[in-house]
Each structure stands twice: as structure tokens, then as C-alpha cells.
Amino acid sequence: MKVKEVLTAIGAERLFGEDKAEPKQLMTKWGEALLESKHPKPLSEYPRPQLVRDNYTILNGYWQYAFTETSGQPSVWDGEILVPFSPETVLSGVERQLMPNEYLWYARDFEIAQLNGRLLLHFGACDERCKVYVNDKEAGRHSGGYQAFSLDITEYVRTGNNRVLVCVQDRSDTSYHGRGKQCLKNGGMFYTAQSGLWQTVWYEWVPDIYIKGLRITPDYDADKVRIAVKANKNVTQVSYFAEVYDGEALVGTAECAGSGAAWEELSVQIPDKKSWSPVSPFLYDVKICMHSEGAVDKVESYFGMRCFSVEKDRDGVPRLCLNHIPYFQNGVLDQGYYPESLMTPPSDEAMVHDIAFIKSKGFNMIRKHCKLEPMRWYYHCDRLGVLVWQDMINGGGAYNFVKTCYLPNAIVPLQKLKDNHYGYTAREDSRGRREWKKECAETIAQLYNCPCICMWVLFNEGWGQFDAAANTAFVRRMDATRLIDAHSGWFDQGAGDVKSEHTYFFKLSVKRGEKPYVLSEYGGISLIVEGHTYSDAYFGYGVHADQERFLEEYAQFTAQVEQLRKEGLCAAVYTQLSDIEEEINGLVTYDRRVEKV
């Protein structure tokens, strides 16, 4: 296929100045129900199933908001915003874009009847950088639009009324910060930029000395689980006690002593272990109790007994293995956008729906693309049984998509690149490289306890890629239990555990080598469903108006993948779960109203 034909097929010319069609507002049934509610309580479930306490208060709901031109606190508020929906969304009630030279302020009052230990204020995510004030005193700052963070606000609160303020800035795609697929000028495969609070905000009471860190590592081959725990500060002595349950049945216990802020490990033997897999996603429950200086802290979590490895099959072909058995990972790309709420799922049910839909269509894996989800999404993957490849959030300067995306799609020799060519991949700013590593480390720490995650994907199609080999070693030091796709698509530097390629305009094939071969993106065929499209401008890898022709081509892809599996293909990721704005290559429409397959 000629380069011009490729650019035309994917609608690339629309990203270079052509006027955009007027968008249409679509709505999922969950967003519709929320809008119709007189007293909406969005995402009211406990937001972090991997580390649960029972003394918490969720602060989702109506906050005051104001856009300002300076960093000074506003004297007049613009109105109310429904948290945790970004101001750019319909569900927020605001529908206004935060620009790079503006500030977005939030305010919320909350009552404390009695001071009961220490008070932790948690944010699921705030895009992109923020300062948090409690009762007019700065309580903390955070950078990184996708990672969760917590603040100890004990010293700033009092009995009675308290007030929290959040001041947000978001440079979006005008700077080197992590941004995923967000773009101030959306179009094609890049979507409306959002900002501010976009995941659940809540607080919880903990004792003066509490469990701050928890790392659960299934040791599959040794039939045990290793539970690492640490406290929030050093003390004379602290003791930990862990119980592991199979339903109501106690499986095993362990205890240890330590000095607080250092990691201490409890090891629990698992007799007659039950393996976790997409076919049988069995989860053990774990309860952990910490005693120190009269204080007691209790948390609950869960884990699955599984391991991920690369091993050769009986024919000597390197395969992705689950629990030491070759396991073909049949996946779908999922970017997690909704028309009324962008990156924020409109409800817990919406998250479950997408995961269950994927499983119902024969997939056993999701590649979570350029986005982190709320922690409940990973919990649902854990309990429903879906493997997850987790992308790190891309950032860097302005991308040259002709060089890094469109031409490599069409011309294979252009898929080569020197790993330290920072200018080519928009990574010349050293601050951005340091920030990527910081956010990468935070992402791994945040998601470490999720059994479903089997692969870390470091870079996609060269977007902000740098030092792939060194960064692979960096990730391996933090987590040796999962596999790594160092460079998805092209610009392969020989790092990571798989040979990972994207194929949209050539016949699918397998390139056998020393590593498992994976098609980390393929397909992307598009179907126009009248009444369920975001605009009259369409983006996709071949656009169809006829469902019969669409289904024929989809069936052909399914058959090709099955044949290539026999020839050595180890995983395949179909593009994609849902339509998103102009990109209409989903298996369902953007509003989740129509299944195309």
C-alpha cells in the first residue's frame, strides 16, 4: 500500500488543519441515569478494594468550582461541579475546557464530629498538577494526572466544619507531562483533553501508627504468598499478623515483628493451592492486623495464585505461559473513554459491563492503552478473570506523527531507531524523562497487588520513547513477577520479553525468533452506526457503512489469528473495545448502545 493511501485510510490528513465537524452528544445508559437522579451519588463504592478499611467517607458529589487567571484563591465561585467528573464533561455540569494558562479551583466543606486518630485524604487521580489546602493551609502537592495520591491532613483539621480547596493546572499536550491520548485539539485517534479531579476523592481515619504500604507477591512454585508490610513511621516495635482465607475457611497464618517504616515480610504457605486464571479466577482473601504502642490497624485485601513466564513449547517455540502452561492471550485494546464523562467511568456497572462484554466475545486479555483506570476496574478484572497489559502513560514534547506513526505503519524500514535519539521521539527535555520514571514507579506500586496484570507496556509507537533497555531494567528491579513489552509497535531496541508489533496495512504474519511474537495491535476496522457516532468525521483503518461486510472482515481476522496461533503467535490485541469520538473502530458504539459483532 502506498504511503498516501495509508494516510487517507486512517484519516491522518484530518490532523493537519482541516476543519472539524460539529460533535454530537452521546450518552450511555449509566450516564443518563445519573443525569436523571435528583440526588446523584456517583461512584459511591469503596474505591480501593486492594487495601480496604471500614472507617471512610466518600467526598464525591457537588463541590464549588471556579476558573481563574491567577493562582490566587477565587473570591467568587462559578457554580457547582459534580466530582469526580472533569469540567470538560457533560456529567460534571460545567462543560468547559481548562486551558494551559488557567487555574481550576475546587472547594468542599465536610464535618468532623470527633477527632479519631489520623485523617488521610485520598485522591484517585487529579489531572495534571495540583495543590491541596485544608482550612486555608497548604496540605500538599501532587504532579501526575493519572496516579493516585494521599495526604495526611491530621494537623489541619478540627471538630466541626472543615474546608478543602484544590487548585489545578493542566498543560495537556502543550508540555512534556504525561497526557495519554488527550489533546486540546481533538481529532482522529486523539481525544478531548480533560482536567482536574476525575477519580473518587475520599478520606479515612487510621490510628497514629498505621499500615502505609502493602505488597502481596504470590510465590506460585513454592505454594506460598509473601506479604510485605510497612508502617507510616519508625517506632520501637511493631508486630504484624496475617490471615489467609479460602472463602470462610482459614488457610494459613503468619506473624512477624519489625520497627515500622521498613518493609517486613510475612510468608503464608498455601496448601492445595487453587490457581488463578481467566478460566478460573479464584481469589484468596487476606486480613492483616498491625499492633504498635497500643494502636491497632486492620486492612483487608486479596490475591490470586498465578505466575507469568516465557517458556518454550514442545516444538521449541517461545510462548507466553500462565502458571507454566502455554496460554494464548487473545486481547482487545481498551482506552476507557465514555461520551458523557471521558476517562471517568460513569458508574461501577459501566466498568463491569465493558469487561464482561469483552469476555463474552471470546477475549481473555485487555491491553489498557495509555490510561490508568480506577482501582475498582482492576478488581473487576481480577474477580471476573481477564488478563491485563498495562501501558505506562506517554508524555514528551509535540509528536511528529508522520515520522513516528504514519510512515512506520506503511514502510517497515522506518521502524528502526536509535534508542537515544531523543529529538526524534520528543524526549529532549530531561525533566520529562525524569517525570516518566517517577510516574512509572508510582504506577507499578499502585497496581502491584492486582493479580490480573501480566505485562507492563513501557512505550507505544515511539511516543516519548527513550532509553528502552535501561528503562526495562528499571522496571524489572521494581517488579520481577511480570513480563515487559518495552516498545509496542516498532522502534524495537531488543529490550523486554516479547517481540511486539502493530499490523494494520499488511497481511498478518508471525516472525519467529528468540522471544514470543505478539501482535500488540491489529484490526481496527470501522463501522458507521447511524445515530451513534460522535461526528460526521470518521477515523479508522478502513471504514464500512455495511455491517455484513464489516462482519466478514472481522471473521477473517479471527480466522487468521487462530491460524497464526498454530504457527507461533503468542498474543494478539484487536483494536478496539469501543468507538471513541471520531475513531469508530470499536466492537461497540461509543455510547455502548449497539454491539457491532
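Because the structure is a prediction, the values reported are computed rather than measured.

Turning our attention to the pairing of strand β21 (residues 295–303). Sheet analysis places strand β20 (residues 284–292) next to β21, joined by 9 bridges and oriented antiparallel. The partner of Val286 across the bridge, within β21, is Ser301.

Attention shifts here to the environment of Val206. Looking at the element boundaries, Val206 is found in strand β14 (residues 201–206). Classification of Val206 by relative accessible area gives buried; the value is 2%. Through-space distance from the C-alpha of Val206 to that of Ala107 is 24 Å; in sequence the pair is 99 residues apart.

Below, the discussion takes up empty space enclosed by the protein. The tally for this structure, following the rule as stated, stands at 7 cavities of 30 Å³ or more. Roughly 90 Å³ of volume is contained in the largest cavity. Every residue lining the largest cavity is counted, 14 residues in all, and those nearest its centre are Lys181, Met189, His369, Glu521 and Tyr541. Taken together, the residues of the lining of the largest cavity sort by class into 6 nonpolar, 4 polar and 4 charged. Space inside the second largest cavity adds up to approximately 60 Å³. Taken together, Cys370, Asp391, Met392, Ile393, Asn394, Arg427, Trp436, Val457, Leu458, Phe459, Asn460 and Trp463 form the lining of the second largest cavity. When the residues that make up the lining of the second largest cavity are grouped by side-chain class, the tally is 8 nonpolar, 2 polar and 2 charged.

With that out of the way, let us pick up the packing of aromatic side chains. Tallied over the entire structure, the rule returns 29 aromatic pairs. Their ring planes at 90° and their centres at 6.2 Å tell us that Trp63 and Tyr106 sit as a pair that is edge-to-face. Here the residue Trp63 occupies a position in strand β2 (residues 61–68), and Tyr106 occupies one in strand β4 (residues 103–112), the gap between them amounting to 43 residues. Of the two residues examined, Trp63 and Tyr106, each falls in the buried class. Both rings, one in Trp436 and one in Phe459, keep their centres 4.8 Å apart while their planes meet at 20°; by these two values the pair is stacked. Placement of the pair is Trp436 in helix α6 (residues 430–447) and Phe459 in the loop between β28 (453–457) and α7 (468–478), with a sequence separation of 23 residues.

There is a patch of like negative charges on the surface, built from Asp54, Glu248, Asp285 and Glu300. Mapped onto the elements of the fold, Glu248 is located in the loop between β17 (238–246) and β18 (249–258).

Within a sheet, each strand pairs with its neighbour through backbone hydrogen bonds, oriented either parallel or antiparallel. Read from one edge to the other, the open sheet built from 6 strands follows the order β3-β2-β4-β10-β7-β8, with strand pairing classed as antiparallel. Each edge of the open sheet carries a strand with a single partner, namely β3 (79–83) and β8 (137–143). For this sheet, the mean inter-axis angle between neighbouring strands, taken without regard to orientation, is 30°. Bridging between β2 and β4 involves 5 bridges; their strand directions are antiparallel. Bridge pairing in β4 links Thr68 to Tyr103.

Of the pockets and cavities examined, the largest pocket occupies roughly 1,100 Å³. For the largest pocket, the lining is made up of 38 residues, of which Arg48, Ala148, Ser150, Lys212 and Gln446 are closest to its centre. Contributing elements (two or more residues each) for the lining of the largest pocket: β5 (118–123), β9 (149–152), β14, β15 (211–219), α4 (375–384) and α6. Of all the elements, β15 adds the most residues to the lining of the largest pocket, at 5 residues. For the lining of the largest pocket, the per-class residue count stands at 18 nonpolar, 10 polar and 10 charged.

If you trace the 4 strands from one edge of the open sheet to the other, you get β18-β17-β20-β21, paired in antiparallel fashion. Pairing within the sheet leaves two strands with one partner each, and these edge strands are β18 and β21. For this sheet, the mean angle separating the axes of adjacent strands, direction not counted, is 15°. One ladder, built from 9 bridges, connects β17 with β18; its direction is antiparallel. In the sheet register, Ser239 faces β18, and the bridge partner there is Ala257.

Negative phi values dominate among residues other than glycine, just as trans dominates among peptide bonds. Here the amide bond leading from Val83 into Pro84 is cis, since omega sits at 20°, within 30 degrees of zero. Summarising the element assignment, Pro84 is placed in the loop between β3 and β4. Look at the link from Asp127 to Glu128: it is a cis peptide, with omega at 20°. Structurally, the position occupied by Glu128 is in the loop between β6 (126–127) and β7 (129–134). Its identity as a non-glycine residue notwithstanding, His324 has a phi of 70°, on the positive side. Mapped onto the secondary structure, His324 falls in the loop between β23 (318–322) and β24 (325–326).

In regions of low pLDDT, the predicted coordinates are not meant to be interpreted in detail. Residues at a pLDDT of 70 or more form 95% of the protein chain, whose mean pLDDT is 94. Per-residue pLDDT stays below 50 along residues 1–7; that stretch engages in 11 contacts with residues further than four places along the chain or on separate chains. Here residues 11–18 is a poorly scored stretch, pLDDT under 50, and it has 18 contacts once near neighbours within four places are set aside; other chains count.

What counts as what
- The residue numbers shown here count from 1 along each chain, following its written sequence.
- Confidence filtering applies because this is a predicted model: local features only for residues at pLDDT of at least 70, side-chain atom pairs given and counted only at 80 or more, and all residues used for totals across whole chains, interfaces and linings.
- Excluding hydrogens and water, the side-chain values take into account all heavy atoms of the structure.
- Strands were regarded as paired on the criterion that DSSP finds at least two bridges between them.
- Secondary structure elements follow DSSP: runs of H or I of four or more residues count as helices, runs of E of two or more count as strands, with numbering from the N terminus.
- Relative accessibility under 20% of the residue-type maximum defines a buried residue, over 50% an exposed one, and the middle range a partly exposed one, all with a 1.4 Å probe and only protein chains included.
- Using protein atoms alone on a 1 Å grid, points that fit a 1.4 Å probe yet trap it form a cavity, whereas open point sets bounded by protein on both sides within 12 Å along at least five of seven lines form a pocket; residues with an atom within 4 Å of a point count as lining.
- Grid points are joined across faces, edges and corners, and a volume is the space filled by probe spheres set on the points.
- Polarity classes work like this: nonpolar for Ala, Val, Leu, Ile, Met, Phe, Trp, Tyr, Cys and Pro, charged for Asp, Glu, Lys and Arg, and polar for all others, with Gly in that last group.
- Think of it this way: a Phe, Tyr or Trp ring, Trp meaning its six-membered ring, pairs with another when their centres are within 6.5 Å, and the plane angle makes it stacked under 30 degrees, edge-to-face over 60, tilted otherwise.
- To count toward a patch, a residue needs a relative accessible area over 30% and no salt bridge; like charges are then connected within 9 Å, while nonpolar side chains (Val, Leu, Ile, Met, Phe, Trp, Tyr) are connected within 5 Å.
- Shrake-Rupley sampling with a 1.4 Å probe provides the accessible areas, and residues are treated as covered by the protein chains on show and by no other component.
- What makes a salt bridge here is a side-chain nitrogen of Lys or Arg within 4 Å of a carboxyl oxygen of Asp or Glu, nothing more.
- Here Asp and Glu are counted as negative and Lys and Arg as positive; His is not counted, and neither are the chain ends.
- For the purpose of locating charges, the reference atoms are NZ of Lys, CZ of Arg, CG of Asp and CD of Glu.
- For helices, the axis comes from a line fit to the C-alpha atoms of the stretch in contact; other axes are also lines fit to C-alpha atoms, and the angle between any two N-to-C directions lies between 0 and 180 degrees.
- Per-residue confidence from the predictor is given as pLDDT, running between 0 and 100.
- We call two residues contacting when some pair of their heavy atoms lies within 4.5 Å.

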